[in-house]
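If you want the building blocks of each chain, they are given just below.
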Amino acid sequence: MHIAIAGAGIGGLTLALMLHQRGIDCRIYESVQELRPLGVGINLLPHAVDELEQLDLAHALRGMAIETAALHYYNKHGQPIWQEPRGLAAGYPVPQYSVHRGEFQMLLAEAVRQRLGPQAIVTGVALEGARNDGDQAVAGLRRRNEPGLLEVRADALVGADGIHSALRRQFYPSGDEPRFSGRMLWRAVTEAPPYLDGRTMFMAGHQDQKFVCYPISEPLRREGRSRINWIAELAVPDGKLPATDWNRLVDGSVFAARFADWRWDWIDIPAIIDGAHAIYEFPLVDRDPLPRWTRGRLTLLGDAAHPMYPIGSNGSAQAILDARCLADCLAQSQAGALRSIETALLEYEALRLPPTAGIVLRNRLNGPEQVMQMAEERAPQGFAHVHDVIPQEELQAVSLRYKRLAGFDPAALRARRGERA
């Protein structure tokens, strides 16, 4: 069995490692000419870290990423709404990590090249379309600055080519436009002194004005400094989706005035903004859940299948869970437990489409971050104590409901690990 994968992002690279672990041959085709450690920070939740441990990546990840100790929510006045331990401190069998996305991608790419060979990642070729041809999938790839299409045949093709997926666009050429939330994000990384314990992620504000921070470099933390990933988010007045430049460099003056007085005794947010070397602007978008991901021997994975708001720290985790599920289904097909590759892809879709669709929709309701909106609506001027406006039980229920929906409540993860053992 040979699988072609379009896209060398987190989902595509993880899938390649999982297929290799199960004795399935594959190759990745990536549009950029050279993989480089670009981007900002991401969170790897325990259910994703558990899968990465199965790939023997735990030691390398531990050396680069912050082991997240806690998650805090605050209102726009810096008053605490909800705080909870994370990772091992919360009773999980594995840690939660915060890491630079590009550095993590390079870790995965290096593992793919070491285990599958240097030829396993082909760069400079972009997927333009695909078709089923009997018992094969045929990918049409275009090399940069070259005429004509290169055809690649495989037993199946996986479109892991992101939110602007060419394969998804082929499946759904109309009626699948990005849905804009009416909010813009500004993302950057700032080196600064640590805040709180140097291992805490926090969010402050409400759905129309929010600031998120978390440290992402373990080597720097050991030196007493902090590499802080941050996101500023604001509702925009006209609510129109920008046509282009979804990742453009902007000056902090575009949004910083709205956070000018967000200085509290434990952090100085204006100083964090001022300390960034480069700030990137993104619209907060997703797409509606699809009725199907699979057509014959063609299927979707990760952001190509279920782009979601970056709420709940879940996008990368869901791509990793997709990869595990798809690799398992293909392995069952190879072993004869599923009658065909087409059946394996449909089984993967049946297992993964419903929960990811639920997360997409729940994130539109702010996921676990809705506790900040609850505080804003019930006490916009602040409170003496959060329990005066939101009972402890209500806060706890919001947190646990999202963990169960996204598949990372501690009891479920411990049970899965027990089943594997």
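Whatever comes next refers back to the structure up there.
Bear in mind that the values here come from a model prediction, so they are computed numbers and not experimental data.

Engineer: Explain the overall build of the protein to me, please; I cannot follow it from the model alone.
Structural biologist: A count of helical and extended segments in the protein gives 12 helices and 21 strands. Computed over the C-alpha atoms, the radius of gyration of the protein is 21 Å, within 12% of the 22 Å expected from 2.2 N^0.38 for a compact globule of 421 residues. Once the C-alpha set of the protein is aligned to its principal axes, its extents read approximately 65 × 50 × 45 Å. For the protein, buried positions account for 56% of its 421 residues. For the protein, long-range pairs separated by at least 24 residues make up 74% of all intrachain contacts whose partners lie at least 6 apart in sequence. Accessible surface for the protein amounts to roughly 17400 Å². Of this, 49% is attributable to carbon and sulfur atoms.

Engineer: So what exactly am I meant to see when it comes to helix α4 (residues 101-116) here?
Structural biologist: Side chains that are three or four residues apart share a direction in an α-helix, a result of its 3.6 residues per turn. Here α4 spans 22 Å end to end across 16 residues, near enough to the 22 Å set by a 1.5 Å rise per residue. Three or more residues of α4 are buried, namely Gly102, Phe104, Gln105, Leu107, Leu108, Ala109, Ala111, Val112 and Leu116. Remark: Gly117 follows α4 within two positions and exhibits a positive phi of approximately 105°.

Engineer: Sorry if this is basic, but what is going on with the sheet that holds strand β3 (residues 41-44) here?
Structural biologist: Backbone-to-backbone hydrogen bonds join strands into a sheet, with any given pair of strands oriented parallel or antiparallel. If you trace the three strands from one edge of the open sheet to the other, you get β3-β7-β4, paired in antiparallel fashion. The two strands at the open ends of the sheet, each matched to only one other strand, are β3 and β4 (66-67). Where β4 lies against strand β7 (residues 97-100), two bridges are found, and the strand directions are antiparallel. Bridge pairing in β7 places Glu67 opposite Tyr97.

Engineer: Sorry if this is basic, but what is going on with the sheet that holds strand β1 (residues 2-6) here?
Structural biologist: Strand order across the open sheet formed by five strands is β8-β2-β1-β12-β21, with parallel pairing between neighbours. Looking at the sheet topology across the chains shown, the edges are occupied by β8 (121-123) and β21 (298-300). Across this sheet, the average inter-strand angle for adjacent strands is 20°, counted without regard to direction. Taken together, the three bridges between strand β2 (residues 25-30) and β8 define a ladder with parallel strand orientation. Following the sheet pairing, Glu30 is matched in β8 by Thr123. Set on the sheet, helix α9 (residues 341-364) makes contact with β12 (156-159) and β21; between it and β21 the angle comes to about 20°.

Engineer: So what exactly am I meant to see when it comes to the pattern of salt bridges here?
Structural biologist: Pairing between side chains of opposite charge can happen when the charged atoms of each approach one another. By the definition in use, this model includes 26 salt bridges. Between Glu281 and Arg248 there is a salt bridge, with the nearest N and O atoms lying 2.9 Å from each other. One end of the pair, Glu281, is in strand β20 (residues 279-286); the other, Arg248, is in strand β17 (residues 248-250), and 33 residues separate them in sequence. Overall, the relative accessible area of 38% leaves Arg248 in the partly exposed class. Here the residues in one salt-bridge network are Arg22, Glu51, Arg324 and Asp328, joined through shared partners.

Engineer: Looking at this structure, how should I read unusual backbone geometry?
Structural biologist: For residues other than glycine, phi is negative in most cases, and the peptide bonds are mostly trans. Residue Asp56 is not a glycine yet carries a positive backbone phi of 60°. Within the secondary structure, Asp56 sits in the loop between α2 (46-54) and α3 (58-64). The exposed category is assigned to Asp56, whose relative accessible area is 66%. Look at Leu196: it is not a glycine, yet its phi comes out positive at around 45°. In this fold, Leu196 is placed in the loop between β13 (179-192) and β14 (200-206). The class for Leu196 is partly exposed, based on a relative accessible area of 41%.

Rules used in this analysis
- Residues numbered from 1 in each chain as written.
- Predicted model: local features only at pLDDT ≥ 70, side-chain atom pairs only at ≥ 80, totals over all residues.
- Heavy atoms only, no water.
- Helix = DSSP H or I, 4+ residues; strand = E, 2+ residues; numbered from the N terminus.
- Rg over C-alpha atoms; globule rule 2.2 N^0.38 Å.
- Buried < 20%, exposed > 50% of the residue type's maximum accessible area, 1.4 Å probe, protein only.
- Contact = heavy atoms within 4.5 Å.
- Areas by Shrake-Rupley, 256 points an atom, 1.4 Å probe, with all protein chains shown as cover.
- Expected span 1.5 Å × (residues − 1).
- Pairing = 2+ DSSP bridges.
- Axes fitted to C-alpha atoms, helices over the stretch in contact; angles between N-to-C directions.
- Salt bridge = Lys/Arg side-chain N within 4 Å of Asp/Glu carboxyl O.

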